[in-house]
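A look at the structure
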Amino acid sequence: MRFVRVAAVAGVVALAAVLVWRLSHQDNSTAKAVLHNKIVPAPAFRLARLGGGPPLTLASFRGKAVVINFWSSECGPCKQEMPRLQSAAQRWAAKGAVVVGVDTIDSHRAAQDFARKHGVSYPIGYDDVGELATRYGVAYTPTTFFVDRRGRIVKRVLGPVPAAELDTQIRRALRS
């Protein structure tokens, strides 16, 4: 059992090292622009959907405001913010907004268990090696992006999103 734990920790460390390497060797113009509060097109994506089904794409939400939340099953603040995101997903669905989770650098099973335990019903994409996280400039979880109806990132929040800010930024994305 100890060997399995050591192997799991080694795997997580290796994946984190890959993410750091990719972040340092990427074209991070999107991340830099967002850091300076510039509105830029959100990088397109196509991810395997956690739990199966058709791939999850940003294009499939065209015309809607999209909240993209990067998380990991080992992330304490991610656990705290999940109920807020789930509530927002239900509250805003009829108003043209959707919440999308992106599990990054995690095992598929850990991600599924985490989503099930926290009652997540909104779509979740699986970014096992952090490729999408790298393109968005995500250095740690949780990180949340608000994408307007035209597919532009209008806000990035590092760390857990407070409920009031979540609603404020969804409104902003819907208006843009």
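Above this note sits the structure.
Fair warning: this is a prediction, and the values are worked out from it, not measured in the lab. (Residues numbered from 1 in each chain as written. Predicted model: local features only at pLDDT ≥ 70, side-chain atom pairs only at ≥ 80, totals over all residues. Heavy atoms only, no water.)

1. Observations concerning the pairing of strand 5 (residues 97–104)
The buried fraction of strand 5 is high, at 8 of 8 residues. Here strand 5 shows no split at all, with Ala 97, Val 99, Gly 101 and Asp 103 on one side and Val 98, Val 100, Val 102 and Thr 104 on the other all buried. Bridge count for strand 4 (residues 65–71) against strand 5 is 7 bridges, and the pairing is parallel. When the sheet's bridge partners are listed, Ile 68 is paired in strand 5 with Val 100. Once you follow strand 4 into helix 3 (residues 76–92) and on to strand 5, the crossover reads as right-handed. Examined bridge by bridge, strand 5 and strand 6 (residues 124–127) share 4 bridges and lie parallel to one another. (Buried < 20%, exposed > 50% of the residue type's maximum accessible area, 1.4 Å probe, protein only. Helix = DSSP H or I, 4+ residues; strand = E, 2+ residues; numbered from the N terminus. Pairing = 2+ DSSP bridges. Right-handed = clockwise from strand over helix to strand, strands pointing away.)

2. With respect to the packing of helix 3 against helix 6 (residues 163–175)
With their axes 11 Å apart at the nearest point, helix 3 and helix 6 run at an angle of 35° to one another. The two elements helix 3 and helix 6 meet at a crossing, and its hand is right-handed. Contact residues: Arg 84, Leu 85, Ala 88, Arg 91 and Trp 92 in helix 3; Ala 163, Leu 166, Asp 167, Ile 170, Arg 171 and Leu 174 in helix 6. (Axes fitted to C-alpha atoms, helices over the stretch in contact; angles between N-to-C directions. Left-handed = near helix turned anticlockwise from the far one by under 90°. Contact = heavy atoms within 4.5 Å.)

3. Brief notes about the nonpolar core
For soluble globular proteins, nonpolar side chains are generally found buried alongside one another. With 28 residues, the main nonpolar core has Val 67, Trp 71, Tyr 122, Ile 124, Phe 146, Leu 166 and Ile 170 as its most contacted residues. Elements that contribute at least two residues to this core include exactly strand 4, helix 3, strand 5, helix 4 (108–117), strand 6, strand 8 (152–158) and helix 6. When residues of this core are assigned to their parent elements, the largest contribution, 6 residues, is made by helix 3. Residues within four places of Ile 170 in sequence aside, it is in contact with Val 67, Ala 88, Trp 92, Ala 97 and Phe 146. Ranked by size, the runner-up nonpolar core spans 21 residues in total, among them Val 40, Leu 58, Ala 133 and Val 147. (Core = buried A, V, L, I, M, F, W, Y, C linked by side-chain atoms within 4.5 Å.)

4. Concerning helix 4
Within the sequence span of helix 4, burial applies to Ala 111, Phe 114 and Ala 115. Across the axial projection of helix 4, the buried residues extend over an arc of 95°, all falling on one side. Exposed side chains of helix 4 directed beyond 90 degrees from the buried face belong to Arg 109, Arg 116 and Lys 117. At its buried positions, helix 4 is contacted by strand 4, helix 3, strand 5 and strand 6. Positive phi shows up at Gly 119, right after helix 4, with a value of about 65°. (Arc of directions from axis to C-beta.)

5. Section: the pairing of strand 4
Of all 7 residues that make up strand 4, 7 are buried, and the element is covered over most of its length. Of the two faces of strand 4, the one lined by Ala 65, Val 67, Asn 69 and Trp 71 and the one lined by Val 66, Ile 68 and Phe 70 are each fully buried. Relative to strand 7 (residues 143–147), strand 4 is paired through 5 bridges, and the arrangement is antiparallel. Looking at strand 7, one finds that Val 67 is bridged to Phe 146.

6. Thoughts on the pattern of salt bridges
Tallied over the full model, the rule gives 4 salt bridges. Linking Arg 91 and Asp 167 is a salt bridge whose minimum nitrogen-to-oxygen distance equals 2.7 Å. One end of the pair, Arg 91, is in helix 3; the other, Asp 167, is in helix 6, and 76 residues separate them in sequence. The exposure class assigned to Arg 91 is partly exposed, which follows from its relative accessible area of 36%. (Salt bridge = Lys/Arg side-chain N within 4 Å of Asp/Glu carboxyl O.)

The values are spatial; any link to function lies outside them.
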